[in-house]
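Coordinate inspection notes
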Amino acid sequence: MQKTKFIRQNVFPILAAFIWGTAFVAQSVSTDFVQPFTFNAARFSVAFVFTLGLAALFRARRKRDFGEQAKPRPHYRRELLLSGLCCGAALTLGTNLQQRGLETTTSGKAGFITALYIVIVPILGIFLKKKVRKEIWASVALAVAGLYFLCIREGFSVSEGDFFMFLCSLCFSAHILMIDYFTGKVDGVELSCAQFLVVSVFSAIGMLAGEQPSWEALRLCVWPILYVGIFSSGVAYTLQILAQRDSNPTVVSLLLSLEAVFAALAGALLLGDRMSGREYFGCGLMLTAVVLAQIPSRAEKALSAGEPDKTAVLSSEENEQTPARED
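One structure accompanies this document, and this report is about it. Computed from a predicted structure; not experimentally measured.

Reading the values: the criteria
Residues numbered from 1 in each chain as written. Predicted model: local features only at pLDDT ≥ 70, side-chain atom pairs only at ≥ 80, totals over all residues. Heavy atoms only, no water. Helix = DSSP H or I, 4+ residues; strand = E, 2+ residues; numbered from the N terminus. Contact = heavy atoms within 4.5 Å. Patch = residues over 30% accessible without salt bridge, like charges linked within 9 Å, V, L, I, M, F, W, Y side chains within 5 Å. Areas by Shrake-Rupley, 256 points an atom, 1.4 Å probe, with all protein chains shown as cover. Salt bridge = Lys/Arg side-chain N within 4 Å of Asp/Glu carboxyl O. Buried < 20%, exposed > 50% of the residue type's maximum accessible area, 1.4 Å probe, protein only. 1 Å grid on protein atoms, 1.4 Å probe; cavity = no way out; pocket = protein on both sides within 12 Å on 5 of 7 lines; lining within 4 Å. Points joined across faces, edges and corners; volume = space filled by probe spheres on them. Nonpolar A, V, L, I, M, F, W, Y, C, P; charged D, E, K, R; others polar. Phe/Tyr/Trp six-rings, centres within 6.5 Å; stacked < 30°, edge-to-face > 60°. Expected span 1.5 Å × (residues − 1). Bend = angle between axes of the 7 residues up to and from the residue.

Inspection of the secondary structure assignment puts Glu190 in helix α8 (residues 188–210). Excluding its chain neighbours within four sequence positions, the residues that come into contact with Glu190 are Ala55, Arg59, Arg62, Tyr76 and Leu80.

In structure tokens, the structure reads:
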């Protein structure tokens, strides 16, 4: 059980980061043919169909194994609708701002600014009363430094595309925290399916309202759309949702930020891009940050070893010494 939880909370987000990193090229190529809303309407329509099939398969399997017990609890559909709308709205804004920003900024700066969610998530988490260990803050600082060395190759002047990327990072931060809230309430695959439906509908509205889509343009980038739709959206975002169940959103966001490392390595291996010493140094800092974030605290070590939590023991002793109130 513990091993399964470890795989879900650590391997799943790394796989998602790997898929997002390798799919970055496909997103950049698509900007030459279609506009942001058109691209995302097509991409998330593919993702919706893919995850709808997965959701139906898993539901049939649960019904076969558990029978009447597999029926959803009361108000489940309302919770699924609410979670799909909230997560889908944040994802709609984030992905369309990202696609718009890619038109006018470099991929390196785009990767760096987008991944700033690793700082924004724990800051927003403070307002939601989510505690972050000092070691995690150190990991966040290391990761930001690593991203800078890995991604920034030119002078850091702020352009319109950079501003879109920063807004995109805010939306992705909100998306991560919403996923953290809703994963304990609804099925992960069904939540993924619901949010993709919302993104595809909202993006289609934006496409019809402000863009000039054409079947020829979609045909020219059909393979990037299919790859990003099935893998980057359908698989990776579902892995993110499953990974965040009972997880620390700050740690998951650190693992997801490895997307920038995988993007750089994929460019070097597949496209022949040469990585400089500065970029390798950035990768090293990011990997160090991820390893540091995985080191358990003293309380976690004691819990895994079966030792009682000292704070809990003290609390129980205080309760024993305090006389019960008589009304």
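Our focus in this paragraph is the environment of Leu85. Examined against the element boundaries, Leu85 turns out to sit in helix α3 (residues 76–101). For the pair Leu85 and Ala194, spaced 109 residues apart in sequence, the C-alpha separation works out to 7.6 Å.

As a further point, take a nonpolar patch on the surface. A cluster of nonpolar side chains, Leu81, Leu85, Leu197, Val201, Phe202 and Ile205, forms an exposed patch at the surface whose accessible area comes to about 530 Å². Among the elements of the structure, α3 and α8 are those that each provide at least two residues to the nonpolar patch. Broken down by element, the residue count for the nonpolar patch peaks at 4 residues, all from α8. Inspection of the secondary structure assignment puts Leu81 in helix α3. A relative accessible area of 56% places Leu81 in the exposed class.

Here we come to empty space enclosed by the protein. One simple way to see leftover space: roll a probe sized like a water molecule over the atoms. Across all of its chains, the model carries 1 cavity of 30 Å³ or more by this definition. Estimates place the volume of the largest cavity at around 170 Å³. Along the wall of the largest cavity there are 14 residues; nearest its centre are Trp20, Tyr117, Phe172, Tyr237 and Glu259. For the lining of the largest cavity, the elements supplying multiple residues, two or more each, are α1 (2–30), α7 (160–182) and α10 (222–243). Class assignment of the residues belonging to the lining of the largest cavity gives a composition of 6 nonpolar, 6 polar and 2 charged.

Before going further, it helps to spend a moment on the pattern of salt bridges. Using the criterion set out here, one finds 3 salt bridges in the structure. Here Arg59 ties to Glu190 by a salt bridge, and the two come within 2.7 Å at their closest N and O atoms. Placement of Arg59 in helix α2 (residues 36–66) and of Glu190 in helix α8 is noted, with a sequence separation of 131 residues between them. For Glu190, a relative accessible area of 7% translates into the label buried. Ionic pairing is found between Glu160 and Arg100, a salt bridge with its closest N-O pair at 3.7 Å. Remark: Arg100 occurs in helix α3 and Glu160 occurs in helix α7; sequence separation between them is 60 residues. The exposure class assigned to Arg100 is partly exposed, which follows from its relative accessible area of 27%.

Attention shifts here to the packing of aromatic side chains. Given two aromatic rings, one states the distance between the centres and the angle between the planes to describe the pair. Counted by the stated rule, this structure contains 9 aromatic pairs. Centroid distance Phe44 to Tyr237: 6.4 Å. Interplanar angle 40 degrees. Geometry classified as tilted. In this pair, Phe44 is assigned in helix α2 and Tyr237 in helix α10, connecting sequence segments 193 residues apart. A residue is classified by how much of its surface remains accessible, and Phe44, at 0% relative accessible area, is buried. Overall, the relative accessible area of 6% leaves Tyr237 in the buried class. Measuring from ring centre to ring centre gives 5.1 Å for Phe149 and Phe281, while their planes differ by 75 degrees; the resulting arrangement is edge-to-face.

Turning our attention to α10. Relative to the 32 Å expected for 22 residues at 1.5 Å per residue, α10 spans 29 Å between its end C-alpha atoms, a close match to the ideal helical length. Considering bend angle alone, the principal kink of α10 is centred on Val228 and spans about 30 degrees.

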